[in-house]
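Examining the three-dimensional arrangement
Chain by chain, the residues:
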Amino acid sequence: MRTYGNPVLPGFHPDPSVCRVGEDYYLVCSSFEYFPGIPLFHSRDLVHWRRIGNVLDRPEQLPLPDGVPASGGIYAPTIRHHDGQFHVITTNVGGGGNFLVTSDRPEGPWSDPVWIDLPGIDPDLAWDDDGTCWVAVAGVGLARVDPATGKVLDGPVPVWSGSGKRDPEGPHLYRVGDWWYLLVAEGGTARGHSVSVARARSPLGPYEPAPENPVLTHSGSREPIQCTGHADLVQAADGSWWTVLLGTRPRGFFPEFHVLGRETFLAPVEWVDGWPRIGPVRERHPAPAAWHPQPADPARDDFDGPALAPYWISPHGRPAGSWSLTERPGRLTLTATGDSLDRPGHTFVGRRQQHHDCRASVRLDPGAGRAGLSVRMDEAHHYDIEVAAGTVSVIARIGPVRQCVAEHPVPTGPVVLAVGIRTTDVRPPTAVRPGEETAGLRAGGPDTLAFSVEGPDGAVRLAELDGRYLSTEVAGGFTGRVIGMYVTEGRAAFDWFEYVPEV
């Protein structure tokens, strides 16, 4: 029997939402403070996904001023297809609230935002048979809305607040047969995360909760996938039912650390006595009937195209004067807009770390500037390797502390910088052999980041840093690691960027 591996979208891809149009599936995720916003994926089998763009790819669609903190911005989008048109509804936390964008084609262009004067986050879209458009928000409140104007016609009316756990959010409303089903996430998005469901004959209720709520949770379990929740249901073309949801893969010794952020997982759904039953979510499951592998992105980006690939993202925005693919053809030229990665407003172009074990490297010509390669969680948690004035430096920013941990001279001209990330082999204290106690303590983190510079005489390893300080458990927030290129002084040209998973 053919099987697939979870997650189906590794790395920082939380709060997934999915819709089907014929035999095609489209999926979106939260993007928080990063621009462009709302990554958009296409699949023919729910397993293999190809990024086809970003829903919010114009600055006027996505105001993210420097005052929007890390993990502010775009929360929990919902994608739906209705009357021949694609709709995405979401919340810009700190940048205007709830809004809706539409497009005739999933590749775009997507419309400018239609703002909706509705409190709450995580908005959902559903239509009744008579064309009534319903928007549910965290809480859970339900409103009747005109999607063309954003006008709230009725509500919001509280309809169901979940099974009693904290933070009922991420609602999704579905019509299945004669019932309306309301799916919600509960318990917070950490280890207590869960999925619960209720049903009613009318969107406004009254709602009857499922007798076995939550219908999915890994809370308190030893499952390698944790924090499972924020699910969205979809019926496949063959009639089977599936759910996409977020989860994490913690590593390291207690309390364990997840560094890739919340990722997108896929799980089968069974209907038992009129209720959906999900999980547990395994690392491998029997595959859907359809099977359509997608080509992988190339490991190296040589910056030869007319535009940046859609997987490149930047915190808070990417001003027109901060980057260029034409100033030096075949290179990405970055110009400093801020003098430190420790504050918003800097020039940074990165991609999500998607594998626990990987290597990223870049060839850059710093000229008279200051530029490098950074592994970033937020402004207060990042590790950097940079070159300026003939010296390569490794810098660690952990909370309030910023320290240069290594330096090495390099000749003038282009230089190759690299970071290798390796999962740490951690054993609990009872499994540590005599004489290994110290090594066991050193191995408490989830991984090790090794920074190196490559010169004419080969690679020189400058520093190894503990990865726990670039984890959600230390940094907080809702995102994951992003590895990218930056300039904090002058300008620099990047010849190529390479990202390679390692086994």
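Look up a bit, the structure's there.
No experiment lies behind these values; they were computed from the predicted model shown. (Residues numbered from 1 in each chain as written. Predicted model: local features only at pLDDT ≥ 70, side-chain atom pairs only at ≥ 80, totals over all residues. Heavy atoms only, no water.)

In the segment running from Gly205 into Pro206, the intervening peptide bond is cis, with an omega of 5°. With respect to the helices and strands, the residue Pro206 is situated in the loop between β17 (194–200) and β18 (208–209). With omega at 0°, the peptide bond leading from Asn213 into Pro214 counts as cis. Within the secondary structure, Pro214 sits in the loop between β18 and β19 (216–217). (Helix = DSSP H or I, 4+ residues; strand = E, 2+ residues; numbered from the N terminus.)

This next bit is on the nonpolar core. Phe303, Trp312, Leu332, Phe451, Met485, Phe494 and Phe497 are the most contacted members of the largest nonpolar core, which has 44 residues in total. If you look at the next biggest cluster of nonpolar residues, it comprises 20 residues, including Leu216, Ile225, Trp241 and Trp275. (Core = buried A, V, L, I, M, F, W, Y, C linked by side-chain atoms within 4.5 Å. Buried < 20%, exposed > 50% of the residue type's maximum accessible area, 1.4 Å probe, protein only.)

Bringing the packing of aromatic side chains into the picture now. Following the criterion strictly, the structure yields 15 aromatic pairs and no others. Seen from their ring centres, Tyr75 and Phe478 are 5.9 Å apart, and the 85° between their planes marks the pair as edge-to-face. With Tyr75 in strand β7 (residues 73–82) and Phe478 in the loop between α2 (472–475) and β38 (482–489), the pair connects residues that are 403 residues apart, well separated along the chain. In this structure Tyr75 comes out as buried when scored by relative accessible area, which is 14%. Every member of this aromatic cluster is reached through a ring pair, and the members are Phe12, Phe32, Tyr34, Tyr75 and Phe478. Seen from the ring of Tyr499, Arg351 lies directly overhead, with NZ or CZ sitting 3.9 Å from the centre. Over the face of the ring belonging to Phe12 we find Arg352, whose NZ or CZ atom lies 4.6 Å from the ring centre. (Phe/Tyr/Trp six-rings, centres within 6.5 Å; stacked < 30°, edge-to-face > 60°. Lys NZ or Arg CZ within 6 Å of the ring centre and 35° of its normal.)

Let us look at the pairing of strand β3 (residues 24–28). Extensive coverage of β3 is indicated by the burial of four of its five residues. Adjacent in sequence and paired antiparallel, strand β2 (residues 17–21) and β3 are bridged by two residues, among which Gly22 carries a positive phi angle near 65°. Pairing analysis gives four bridges linking β3 to strand β5 (residues 37–43), with the strands arranged antiparallel. Across the sheet, the residue bridging to Val28 is Leu40, located in β5. (Pairing = 2+ DSSP bridges.)

Right, let's talk about the pairing of strand β39 (residues 491–501) for a bit. When you tally the buried positions in β39, you get eight out of eleven residues, the bulk of the element. Where strand β25 (residues 300–301) meets β39, two bridges bridge the pair, whose relative direction is antiparallel. Across the sheet, residue Asp301 finds its bridge partner in β39, namely Phe497. For strand β28 (residues 332–335) and β39, the ladder comprises four bridges, and the chain directions are antiparallel. Bridge pairing links Leu334 to Ala492 in β39. Relative to β39, strand β30 (residues 358–365) is paired through eight bridges, and the arrangement is antiparallel. Among the inter-strand pairings, Cys358 is bridged to a residue of β39, identified as Pro501.

All right, on to the environment of Pro14 then. Topologically, Pro14 is positioned in the loop between β1 (3–5) and β2. Taking the C-alpha atoms as reference points, Pro14 and Ala307, separated by 293 residues in sequence, lie 26 Å from one another. Excluding residues within four positions of it along the chain, Pro14 makes contact with Cys29, Ser30, Phe32, Leu246, Arg262 and Phe478. (Contact = heavy atoms within 4.5 Å.)

This part is about the sheet that holds β7. Pairing is antiparallel in the open sheet, where four strands are placed in the order β7-β8-β9-β10. Unpaired on one side and paired on the other, β7 and β10 (114–116) mark the two borders of the sheet. Within this sheet the neighbouring strands show an average axis-to-axis angle of 25°, counted without direction. (Axes fitted to C-alpha atoms, helices over the stretch in contact; angles between N-to-C directions.)

For Gln226, the position within the fold is in strand β20 (residues 226–235). Beyond its immediate chain neighbours, meaning those up to four positions away, Gln226 contacts Arg191, His218, Ser221, Gly247, Thr248 and Pro250.

Purely geometric stuff here, so don't read any function into it on its own.
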